[in-house]
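Structure at a glance
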Amino acid sequence: MKNRLKLNPGDELILQNSRSKGPMAETDIYTYSIVSKTGEEIGSVVHTDHTSINGFKRTQTVVQKDSLGNVTIDKSW
């Protein structure tokens, strides 16, 4: 997932929250803060990992936002 993000050298992802949803907890949602090497929070990332109950197809989505809440990346694979 990290290779799909736009991170500057020294930026870190800090896990803030994780949860599951769906009738069989088939969707995992991870929320991260992006912290610069100076310790300032400069953005956020939400990574969603869904496994279909029928056919077990896996889909992942990542949404990266800057500190103002503007979406900079929205990718699925």
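Everything below is about the structure printed above this text.
Cut-offs used in this document
- Residues numbered from 1 in each chain as written.
- Predicted model: local features only at pLDDT ≥ 70, side-chain atom pairs only at ≥ 80, totals over all residues.
- Heavy atoms only, no water.
- Helix = DSSP H or I, 4+ residues; strand = E, 2+ residues; numbered from the N terminus.
- Buried < 20%, exposed > 50% of the residue type's maximum accessible area, 1.4 Å probe, protein only.
- Contact = heavy atoms within 4.5 Å.
- Areas by Shrake-Rupley, 256 points an atom, 1.4 Å probe, with all protein chains shown as cover.
- Lys, Arg positive; Asp, Glu negative; His and termini not counted.
- Charge placed at Lys NZ, Arg CZ, Asp CG, Glu CD.
- Salt bridge = Lys/Arg side-chain N within 4 Å of Asp/Glu carboxyl O.
- Phe/Tyr/Trp six-rings, centres within 6.5 Å; stacked < 30°, edge-to-face > 60°.
- Lys NZ or Arg CZ within 6 Å of the ring centre and 35° of its normal.
- Core = buried A, V, L, I, M, F, W, Y, C linked by side-chain atoms within 4.5 Å.
- Pairing = 2+ DSSP bridges.

For the rest of this paragraph, the subject is the overall build of the protein chain. Each helix and strand in the protein chain was counted, giving zero helices and five strands. Element order for the protein chain, N to C, with α for helix and β for strand: β-β-β-β-β. The C-alpha extent of the protein chain, read off along each of the three principal axes, is 45 × 20 × 20 Å. In the protein chain, which comprises 77 residues, the proportion classed as buried is 25%. Contacts in the protein chain between residues at least 24 apart in sequence constitute 25% of all its contacts with a sequence separation of at least 6. Accessible surface computed for the protein chain: about 5,300 Å², of which carbon and sulfur atoms make up 48%. Side chains of the protein chain give 10 positive and 9 negative charges; the mean places of these two sets differ by 6 Å.

Turning our eyes to something else, we now look at the pattern of salt bridges. Any two side chains of opposite charge can pair if their charged atoms end up close together. A full pass over the atoms with the stated rule returns one salt bridge. Linking Asp 49 and Arg 58 is a salt bridge whose minimum nitrogen-to-oxygen distance equals 2.6 Å.

Next up on the list: the packing of aromatic side chains. Tallied over the entire structure, the rule returns zero aromatic pairs. Here Arg 4 stacks its cationic end above the ring of Trp 77, 3.9 Å away from the centre of that ring.

Moving on, we get to the nonpolar core. If you look at the biggest cluster of nonpolar residues, it comprises seven residues: Leu 5, Leu 13, Tyr 32, Ile 34, Val 45, Val 62 and Ile 73. In this view, Leu 13 contacts Met 1, Lys 2, Leu 5, Leu 7, Tyr 32, Ser 33, Ile 34 and Val 45; residues no more than four positions away in its chain are not counted.

To continue, consider the pairing of strand β4 (residues 58-66). Remember that side chains alternate between the two faces of the sheet whenever the strand is regular. Strand direction decides the pairing type here: strand β3 (residues 41-51) and β4, joined by nine bridges, are antiparallel. Residue pairing in the sheet places Thr 51 in a bridge with Arg 58 of β4. Where β3 folds back onto β4 in an antiparallel hairpin, the turn is made up of six residues, including Gly 55, whose phi is positive at roughly 90 degrees. One ladder, built from five bridges, connects β4 with strand β5 (residues 71-76); its direction is antiparallel. Bridged to Thr 61 within β5 is Ser 76. Where β4 folds back onto β5 in an antiparallel hairpin, the turn is made up of four residues, including Gly 69, whose phi is positive at roughly 90 degrees.

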